[in-house]
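Residue-level listing of the chains:
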Amino acid sequence: MKEFRVGANDAGQRLDKFVEKVTVGLPKSLLYKAVRTKKIKVNRKRCEPGQILAEGDGVLLFLPPEFFGEKDDSFLRLTPRLTVAYEDENILVACKEEGQSCHSDETQTTGTLIDHIKSYLAKKGEYRPEAENAFAPALCNRIDRNTSGLVIAAKNAAALRGMNEIIRARQVEKIYLAWIHGALASAGEVTLYLKKNEGEKTVSVSPVPRAGYLTAVTAYRPLVTRGDRQLLEIRLHTGRTHQIRASFAFLGHPLVGDGKYGKDRSDPVFPHQALRAQTLLFHPDAASPLAYLAGLRVDAPEDVRFSRTN
C-alpha cells in the first residue's frame, strides 16, 4: 500500500490520470478494477476514475509493489550546463546546443536538455523532486537534436497547461534562421502537405492535399545571399515534424549541411542542418494564466554562423 498526498502540481487532474503517473506498468483494466473494488481510495473513501483531485487530497493505492517504480533522479548528479535566454517564476526558455537531444532517446539517454533544466532548477531550490508525486519540469516544444535554438520549459503544472494551450492556439510565434542552397528571389509563403514515415524518421511531401498528410505553412524572407547560399528568416504558421527541412528541400533549396533531405554533411561550417530556432514572440490572450507574457520577445544568443553581416 502507498499513500500519495496531492500537491499543487497534482491538483485539478482526474484520479485515473494521476494514478497512471505515479505507477509503472499498471494496466488500465486493473486500474479501473481497483477503483471498483475500493483498492484505490481518495481520502479513505470510495472514488470514481474521473474524480478531480484537489490539493491536500490523500490517494491510497492498495496495489502490488511491482507497480511502484523508483524515481529516476540521475539528473541531480549533473552539473547544469544551460544557456537561459528568459526565465520567470513559471517558465524558462533555454537555448539548446546543436547535438543535444531535448528528451532521452536512442541517441542520448542522459545529459539531455530537460535533464539539465531539472538539475538547474533543483539546485536553485525551485524543483524538489522528493516533494512531487508525478510532476516534473517539462518541455512545451522541442526541436531536432542537430538544430540549435530556443526551447520553452514549464516550471509548474499550471504553467505547463497554460503554455501548451497558447501554443495550440498559435499564440507563440516561432522564427528560425536557415542557410539554404541556391537563392529565392523574394519573400513568400509556401503551403505543402507532410506525412511522417515513422520507420525512416523522415516525412514525405505533397504539393496537394492527400489522405494522411498534414498541412504545413511556412513563410520566409531572404536576408543575405553569399555565393550559392542564402540566409533566410523563416516563420512557422504550423509546427510539423521536419517542416522547414522537408519543405525547402522539396522547393529545390535544401538546407546547408542537411544529409537527410539535402546533399550531404560535408560542409566545414555546418556538419548538420544549418537551422536555428532564433526568436519566440508571445501573444497570449487576456484570459490566459500566462497573459503577462503578451508582447514578450525572446532571442537566442548570437551565433556568428547565422550572422547576415559576417
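As the structure is a prediction and not an experimental result, all values here were calculated from the model.

Calculation rules
- Residues numbered from 1 in each chain as written.
- Predicted model: local features only at pLDDT ≥ 70, side-chain atom pairs only at ≥ 80, totals over all residues.
- Heavy atoms only, no water.
- Helix = DSSP H or I, 4+ residues; strand = E, 2+ residues; numbered from the N terminus.
- Buried < 20%, exposed > 50% of the residue type's maximum accessible area, 1.4 Å probe, protein only.
- Contact = heavy atoms within 4.5 Å.
- Lys, Arg positive; Asp, Glu negative; His and termini not counted.
- Charge placed at Lys NZ, Arg CZ, Asp CG, Glu CD.
- Pairing = 2+ DSSP bridges.
- Polar contact = N/O pair within 3.5 Å; in protein donor to acceptor, adjacent residues only side chain to side chain.
- Axes fitted to C-alpha atoms, helices over the stretch in contact; angles between N-to-C directions.
- Salt bridge = Lys/Arg side-chain N within 4 Å of Asp/Glu carboxyl O.
- Expected span 1.5 Å × (residues − 1).
- Phe/Tyr/Trp six-rings, centres within 6.5 Å; stacked < 30°, edge-to-face > 60°.

1. Observations regarding the overall build of the protein chain
Thinking step 1. Each helix and strand in the protein chain was counted, giving five helices and 14 strands.
Thinking step 2. C-alpha extents for the protein chain along the principal axes are approximately 70 × 45 × 40 Å.
Thinking step 3. Per-residue burial over the protein chain gives 48% buried out of 310 residues.
Thinking step 4. Considering only residue pairs separated by 6 or more positions, the protein chain has 64% of its internal contacts joining residues 24 or more positions apart.
Thinking step 5. Side-chain charges of the protein chain comprise 46 positive and 37 negative groups, with the mean position of each set lying 5 Å from the other.

2. As for the pairing of strand β10 (residues 202–206)
Thinking step 1. The pairing of strand β9 (residues 188–197) with β10 spans five bridges and is classified as antiparallel. Pairing of Leu194 across the sheet is with Val205, part of β10.

3. Quick look at the side chain of Gln230
Thinking step 1. Relative to the elements of secondary structure, Gln230 occurs in strand β12 (residues 229–236).
Thinking step 2. Looking at Gln230, the relative accessible area reads 3%, which means it is buried.
Thinking step 3. Polar contacts involving the side chain of Gln230 include one to the main-chain amide nitrogen of Leu184, which spans 2.7 Å.
Thinking step 4. Side-chain polar atoms of Gln230 contact the side chain of Thr225, separated by 3.1 Å.
Thinking step 5. Setting aside its immediate chain neighbours within four residues, Gln230 contacts Ala178, Trp179, Ile180, Gly182, Ala183, Leu184, Pro222, Val224 and Thr225.

4. Here we look at the environment of Ala54
Thinking step 1. One can find Ala54 in the loop between β2 (40–42) and β3 (58–61).
Thinking step 2. In this structure Ala54 comes out as partly exposed when scored by relative accessible area, which is 37%.
Thinking step 3. Taking the C-alpha atoms as reference points, Ala54 and Arg5, 49 residues apart in sequence, are found 9.8 Å from one another.
Thinking step 4. With residues near it in sequence (within four places) discarded, Ala54 still touches Val6 and Ala11.

5. Observations concerning the sheet that holds β2
Thinking step 1. Taken in spatial order, the three strands make up an open sheet running β1-β3-β2, and their pairing is antiparallel. Each edge of the open sheet is held by one strand with a lone partner, namely β1 (2–5) and β2. When the angles between neighbouring strand axes are averaged without regard to direction, this sheet yields 15°.
Thinking step 2. For β2 and β3, the ladder comprises three bridges, and the chain directions are antiparallel. Among the inter-strand pairings, Val42 is bridged to a residue of β3, identified as Val59.
Thinking step 3. Its contacts with the sheet put helix α1 (residues 15–22) on β1, β2 and β3, and the angle it makes with β3 is roughly 60°.

6. Concerning the pattern of salt bridges
Thinking step 1. Going through the model one piece at a time under the given rule, you end up with 21 salt bridges.
Thinking step 2. Of the charged contacts in the structure, one is a salt bridge between Lys155 and Glu126, with a shortest N-O distance of 2.8 Å. You can see Lys155 sitting in the loop between β7 (148–154) and α4 (157–168) and its partner Glu126 sitting in the loop between α3 (113–124) and β6 (138–139), a full 29 residues away along the chain.
Thinking step 3. Residue classification places Lys155 among the buried residues on the basis of a relative accessible area of 10%.

7. Focus on α3
Along an α-helix, residues three or four positions apart point the same way, because every turn accommodates 3.6 residues.
Thinking step 1. With 12 residues, α3 extends 17 Å from end C-alpha to end C-alpha; this agrees with the ideal 16 Å at 1.5 Å per step.
Thinking step 2. The buried count for α3 comes to nine of 12 residues, which makes it a mostly enclosed element.
Thinking step 3. Turning to α3, its buried residues are Leu113, Ile114, Asp115, His116, Ile117, Lys118, Ser119, Leu121 and Ala122.
Thinking step 4. Here the buried face of α3 lies against β4 (84–87), β5 (91–96), β6 and β7.
Thinking step 5. Positive phi shows up at Gly125, right after α3, with a value of about 85°.

8. What to know about the environment of Leu26
Thinking step 1. Note on placement: Leu26 falls in the loop between α1 and α2 (28–36).
Thinking step 2. Separated by 273 residues in the primary sequence, Leu26 and Asp299 place their C-alpha atoms 43 Å from one another.
Thinking step 3. Sequence-distant contacts of Leu26, defined by excluding residues within four places in its chain, comprise Val19, Leu31, Leu63 and Phe67.

9. Here we look at the packing of aromatic side chains
Thinking step 1. According to the stated counting rule, one finds five aromatic pairs in the structure shown.
Thinking step 2. When the ring of Phe4 is compared with that of Phe68, the centres are 6.4 Å apart and the planes differ by 35°; the resulting orientation is tilted. Linking Phe4 in strand β1 with Phe68 in the loop between β3 and β4, this pair joins segments that are 64 residues apart in sequence.
Thinking step 3. A residue is classified by how much of its surface remains accessible, and Phe68, at 11% relative accessible area, is buried.
Thinking step 4. An aromatic cluster of at least three residues, connected via ring pairs, comprises Phe4, Phe18 and Phe68.

10. Considerations on unusual backbone geometry
Thinking step 1. With a phi close to 55°, Lys201 is a non-glycine residue in the positive phi region.
Thinking step 2. On the secondary structure map, Lys201 appears in the loop between β9 and β10.
Thinking step 3. The phi angle at His242 is positive, at roughly 55°, despite the residue not being glycine.
Thinking step 4. Classification of His242 by relative accessible area gives buried; the value is 12%.

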